[in-house]
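Observations on the model geometry
One letter stands for each residue in the lines below.
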Amino acid sequence: MSQGFRVAVAGATGAVGREILKTLAERQFPVSEVVALASGRSAGQPVSFGDKTVLTVRNLETFDFAGFDIGLFSPGAAVSAIHAPRAAAAGCIVIDNTSHFRMEPDVPLVVPEVNPQALARHTRRRIIANPNCSTIQMVVALKPLHDRFRVKRVVVSTYQSVSGAGKEGMDELFTSTKAFFVNDPVKPQIFTKNIAYNCIPHIDKFLDDGSTKEEWKMAVETRKILDPDIAVFATCVRVPVFIGHAEAVSVEFEHPVNLGEARDLLRNFPGVVVIDGHDDGGYITPADCQGEDAVYVSRIRRDPTVPNGLGFWCVSDNLRKGAALNAVQIAESLITQNLLQKAA
Ligand SMILES: NC(=O)c1ccc[n+]([C@@H]2O[C@H](COP(=O)([O-])OP(=O)(O)OC[C@H]3O[C@@H](n4cnc5c(N)ncnc54)[C@H](OP(=O)(O)O)[C@@H]3O)[C@@H](O)[C@H]2O)c1
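Below is a summary of the structure that appears in this document. (Residues numbered from 1 in each chain as written. Predicted model: local features only at pLDDT ≥ 70, side-chain atom pairs only at ≥ 80, totals over all residues. Heavy atoms only, no water.)

Quick look at the overall build of the protein chain
For the record, the criterion: Numbering of helices and strands starts at the N terminus; helices are DSSP runs of H or I of at least 4 residues and strands are runs of E of at least 2. Residue burial is assigned from relative accessible area. The probe radius is 1.4 Å, only protein chains are included, and a residue is buried under 20% of its type maximum, exposed over 50%, and partly exposed in between. For this analysis, residues touch if any pair of their heavy atoms sits within 4.5 Å. Residue-level accessible areas treat just the shown protein chains as cover; the underlying method is Shrake-Rupley with a 1.4 Å probe. Charge assignment in this entry is limited to Lys and Arg as positive and Asp and Glu as negative, and neither His nor the chain termini are counted. All charge positions are set by atom: Lys at NZ, Arg at CZ, Asp at CG, Glu at CD.
Across its full length, the protein chain carries 8 helices and 14 strands. Referenced to the eigenvectors of the C-alpha coordinate spread, the extents of the protein chain come out at roughly 60 × 55 × 40 Å. Looking at the protein chain as a whole, 52% of its 344 residues qualify as buried. Look at the contacts in the protein chain between residues 6 or more apart in sequence, and 68% of them connect residues 24 or more apart. Accessible area for the protein chain stands at about 15,200 Å²; split by element, carbon and sulfur atoms hold 52% of it. With 36 positive and 38 negative side-chain charges, the protein chain shows a separation of 3 Å between the mean positions of the two kinds.

Written out as structure tokens, the structure reads:
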């Protein structure tokens, strides 16, 4: 490992943590040392960092962050709540994938293509939050349209893969699909109903108004990242797909929308790929986007039911842009904005 930053990955044995290690290696993030951290249950186990390096997992609970520059965290909200401030106090800048810090006013919530300027506000807490996976892909697609036509209201339905619920979510789709074929009883544990051959309109807990916390997150995070005046009505649904979230998005703009211009704005925006053929297969599905970095936009069309309305279909790999890639891009943006100094 060459000259560079000392990086700690917390949650390194999980779906997001493994993808973070892969992304750091693929993008040749400048590291001088990488450590993999997880619970005491996994301490001593091997995890891959790129094709050639195998790291031995260490226990987050007892790890000393002194001298580490960056902490990329995904060990779950309750664990980040304890160990992210501990890492920050030791001098590390923490980029946290969990929901724990996202709405705290002095913690920037960042998607580098959308609001990189917010990173400068990390200095008080030394913690930066990565948004929810469903929010990230939607705000990337909305940003170029908002800058030109001003988004007033968004109605979105999501089709979220089981990897959004971590490695145990993926295991449950696998075992319940297998159980279906051999006529075994299905016992849902991670999901609230059988996920095989089903769709479940319930992600995270219910709130008093009948919406779920996942739906609330999409609304409040979009406002924090993009514009506090945008109204968002979300319905979040878990579907039996391993990787990749899809979203049907309807947007009402303040100004009249020119369809051709909207397409061009999306095509030219960093991180967005438009695949929009009006023929069989001329659109992206979750299975097409696995392992890819982009936010794909398809099915762009006028919504004639509201003034200045536009609809589209948006798909991205929730473990890449929805989590690991966005976190690593935040670290890269800290470097390019000169906001990351090496620890002494
Ligand atoms: N999956 C997604 O698409 C996605 C997207 C954005 C954000 N997130 C968020 O990222 C977090 C992790 O998600 P995931 O999908 O990677 O979950 P996961 O596959 O279940 O992995 C959880 C990770 O956290 C570690 N962990 C659990 N308890 C711990 C403890 N007490 N101390 C230290 N490490 C502990 C686990 O280590 P062990 O193996 O040792 O148990 C594992 O490495 C969640 O907060 C999730 O909401 C997920």
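So much for the structure itself; the text now carries on.
Quick notes on the sheet that holds strand E13 (residues 295-303)
How we decide: The rule for pairing is simple: two strands pair if DSSP sees at least two bridges between them. An axis is simply a line fitted to the C-alpha atoms; with a helix, the fit covers only the stretch in contact. Between two such axes, the angle follows the N-to-C directions and lies from 0 to 180 degrees.
Taken together, the 6 strands give an open sheet; going across it, the order is E10-E9-E11-E14-E13-E12, and neighbouring strands pair in mixed fashion. Since the sheet does not close on itself, it has two edges, and those belong to strand E10 (231-238) and strand E12 (272-274), each with one partner. Along the sheet, successive strands turn relative to each other by an average axial angle of 25 degrees, direction set aside. Pairing geometry for E13 and strand E14 (residues 309-316), over 7 bridges, is antiparallel. By the bridge assignment for E14, Val295 is matched with Ser316.

Quick notes on a nonpolar patch on the surface
Using the following cut-off: Patch rule: a residue counts if its relative accessible area is over 30% and it has no salt bridge; like charges are joined within 9 Å, and nonpolar side chains (Val, Leu, Ile, Met, Phe, Trp, Tyr) within 5 Å. Think of a salt bridge as a Lys or Arg side-chain nitrogen and an Asp or Glu carboxyl oxygen that are within 4 Å of each other.
Residues Phe180, Phe181, Val182 and Tyr197 make up a contiguous nonpolar surface patch of about 480 Å² in total accessible area. Residue placement: Phe180 occurs in helix H4 (residues 166-182).

Notes on helix H6 (residues 259-267)
Under the convention used in this document: Throughout, the arc means the angular range of directions from the helix axis out to the C-beta atoms. In the analysis that follows, any N or O atom pair within 3.5 Å is treated as a polar contact, provided that within protein one partner can donate a hydrogen and the other can accept it, and provided that, for residues neighboring in sequence, both atoms belong to side chains.
Turning to H6, its buried residues are Ala262, Arg263 and Leu266. Burial along H6 is one-sided: seen end-on, the buried residues are contained in an arc of 100 degrees. On its buried side, H6 packs onto helix H3 (133-149), E12, E13 and E14. One side-chain oxygen at the N-terminal end of H6 lies 3.0 Å from the backbone nitrogen of Gly260; it belongs to Asn258.

Looking at the pattern of salt bridges
A complete count under the given rule lists 20 salt bridges for this structure. Between Arg150 and Asp227 there is a salt bridge, with the nearest N and O atoms lying 3.1 Å from each other. Remark: Asp227 occurs in the loop between helix H5 (213-225) and E10 and Arg150 occurs in the loop between H3 and strand E9 (151-160); sequence separation between them is 77 residues. By relative accessible area, which is 10% here, Asp227 ends up buried. Through salt bridges with shared partners, one network takes in Glu19, Lys22, Glu26, Arg27, Asp293, Arg320 and Glu332.

As for the site of the ligand
Our working rule: Here a residue is considered near a molecule or strand provided that any single heavy atom belonging to it is located within 4 Å of it.
The environment of the ligand is made up of 27 residues, and the closest members are Thr13, Ser39, Ser42, Ser163 and Lys167. Note that a nitrogen atom of the ligand is positioned 2.8 Å from one of the backbone N or O atoms of Ser163. Asn318 is positioned such that a nitrogen or oxygen atom in its side chain is 3.0 Å from an oxygen atom of the ligand. Protein contacts shield 81% of the accessible area of the ligand, which totals 900 Å² for the unbound molecule.

Section: the environment of Asn338
When you line up the elements, Asn338 lands in the segment after helix H8 (320-336). Sequence spacing of Asn338 and Gln45 is 293 residues, and the spatial spacing of their C-alpha atoms is 35 Å.

Regarding the packing of aromatic side chains
Quick reminder of the rule: Side-chain rings of Phe, Tyr and Trp (the six-membered ring for Trp) are treated as a pair once their centres are within 6.5 Å; stacked means planes under 30 degrees apart, edge-to-face means over 60, and tilted covers the remaining angles.
Per the stated rule, a full pass over the model turns up 9 aromatic pairs. Here Tyr159 and Trp313 contribute two aromatic rings whose centre-to-centre distance is 5.4 Å and whose plane-to-plane angle is 65 degrees, an arrangement assigned as edge-to-face. Here Trp313 lies in strand E14 and Tyr159 lies in strand E9, a separation of 154 residues in the sequence. Here Tyr159 falls in the partly exposed class, since its relative accessible area comes to 35%.

Things to note about the sheet that holds strand E1 (residues 5-10)
One open sheet accounts for 6 strands, arranged E5-E2-E1-E6-E7-E8; its pairing is parallel. Of all strands in the sheet, those bounded by a partner on one side alone are strand E5 (58-59) and strand E8 (127-129). Summarising the sheet, strand E6 (residues 70-73) and strand E7 (residues 93-96) pair through 4 bridges and their orientation is parallel. Along E7, the bridge assignment pairs Leu72 with Ile95. Sheet strands in contact with helix H1 (residues 15-26) are E1, strand E2 (31-38) and E6, and its direction is about 155 degrees off that of E1.

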